[in-house]
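If you want the building blocks of each chain, they are given just below.
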Amino acid sequence: MECKESSQQAEAVGCPSETEFAGRAAACEGCPGKELCLQLGNKDPDQESIDVRMQVIKHKLLVVSGKGGVGKSSIAANLSMALAELSKKVGIVDVDICGPSVPKLLNVEGMQVINSQWGWKPLISPLGGIKVLSVGSLLQHSDNAVVWRGPRKTQMIKRFLKDALWGKLDFLVFDTPPGTSDEHLTVVQTLKRSKPDGVIIVSTPQTVSLATIRKEIDFCKKMGIKVLGIVENMSGFICPCCQDQSDLFSSGGAEKLALEYGLTFLGKIPIDLRLTECCEQGQSLFTTYPDSTVTKSFLQLAEKVIQVVER
């Protein structure tokens with residue numbers, strides 16, 4: 001009975017490569033690294049190389065959301081551009097393996113990742129010089145579906161960290177899929193020794209979105225990773241004619257939730273058709289509409305994030 005409970009616990013935390021169940025847990029079935037894990041016990045052969053790559057990056061941030069459709073990827077991409085506008089060296093890893101959207105948002109669609117003798121060279125976005133890696137840039141056709149089990153996703157994420165030439169960066173942003181899945185577990189466990197700064201949670205004002213945030217906060221507590229703060233996306237609508245702002249949904253819910261849990265409220269991002277236009281056309285909001293309200297909101301968000309990680 002005790003063995004069964006321990007095995008279930010090992011499965012609950014994702015890849016068991018760093019546990020006594022390495023190579024023997026149910027999650028190991030079908031994993032290409034199973035035999036190696038059996039030989040090495042609980043030592044991950046990739047970890048040392050990952051640590052070397054990650055330790056020269058000052059700040060590592062995960063952008064997460066409890067559910068899909070809250071604009072998490074657009075927040076991650078535009079936060080990266082805002083940090084670049086503030087003279088920071090930035091990279092972004094798209095670990096949403098099955099639904100990569102970062103290549104579109106940062107205008108690197110169609111570019112090929114070069115695999116040199118020293119490792120993968122991340123793509124350089126024309127929008128702020130941001131370094132980008134995404135499964136979307138490794139597919140022969142952008143419409144190809146990625147149908148992978150958890151172990152293969154884990155290996156791909158590790159390659160993004162171990163085999164990529166990130167160099168010295170001020171920020172490495174991880175755009176994660178919605179919820180709490182294998183991708184989140186892999187990133188958190190893999191970065192453990194290089195000390196990630198924490199998680200930025202994206203929500204919208206609706207009650208159904210706020211309810212899932214509580215689960216996301218609980219996940220962070222269980223994994224021992226800090227919540228840097230909460231961002232309320234789609235908070236108000238900017239009229240394209242008069243630039244007045246009105247609330248389409250209830251407002252302030254994310255701020256109240258942050259207060260309830262004693263977390264930092266990082267700010268509000270309104271719905272603005274100019275932001276939609278830039279995201280869909282792969283343009284920079286900061287050069288196309290530098291004086292817009294939504295541009296200023298992202299710059300304020302970036303400044304707040306810098307304050308939180310450097311204090």
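The numbering scheme is per chain: residues are counted from 1 as the chain's sequence reads. pLDDT decides what is reported in this predicted model: residues at 70 or higher carry local features, side-chain atom pairs at 80 or more are listed and counted, and totals for whole chains, interfaces and linings draw on all residues regardless. Values reported for side chains reflect all heavy atoms of the structure, with hydrogen atoms and water molecules removed beforehand.

With that out of the way, let us pick up the overall build of the protein chain. Secondary structure is summarised from DSSP: a helix means a run of H or I of at least four residues, a strand means a run of E of at least two, and numbering begins at the N terminus for each. Per the secondary structure count, the protein chain includes 12 helices and 11 strands. For the radius of gyration, the atom set is restricted to C-alpha positions; the globular benchmark scales as 2.2 Å times the number of residues to the power 0.38. Taken against the 2.2 N^0.38 rule, which gives 19 Å for 311 residues, the C-alpha radius of gyration of the protein chain at 20 Å falls within 12% of a compact globule. Over its C-alpha atoms, taken along the principal directions, the protein chain stretches across nearly 65 × 45 × 40 Å. Of the contacts made within the protein chain by residues no fewer than 6 positions apart, 74% connect residues no fewer than 24 positions apart. To measure how exposed things are, a 1.4 Å probe is used in the Shrake-Rupley method; for residues, cover is taken only from the protein chains shown. Accessible area of the protein chain: about 14700 Å², with a carbon and sulfur share of 50%. Side-chain charges of the protein chain comprise 35 positive and 35 negative groups, with the mean position of each set lying 4 Å from the other. Contacts are residue-level and defined by heavy atoms, with any inter-residue pair within 4.5 Å sufficient. When charges are counted, Lys and Arg are positive and Asp and Glu negative, with His and the chain ends excluded. A charged residue contributes its charge at one atom only: NZ of Lys, CZ of Arg, CG of Asp or CD of Glu.

Partly exposed describes any residue whose relative accessible area lies between the buried limit of under 20% and the exposed limit of over 50%, with all areas from a 1.4 Å probe on protein chains only and scaled to the type maximum. Regarding helix α9 (residues 253-261), the residues found buried are G253, A254, L257 and A258. The arc that holds every buried residue of α9, seen down its axis, measures 140°, which confines them to one face. When the buried face of α9 is taken as reference, the exposed residues oriented beyond 90 degrees from it are K256 and L259. Immediately beyond the C-terminal end of α9, within one or two residues, lies G262, with a positive phi of roughly 70°. Working note: the arc is built from the helix axis to C-beta atom directions.

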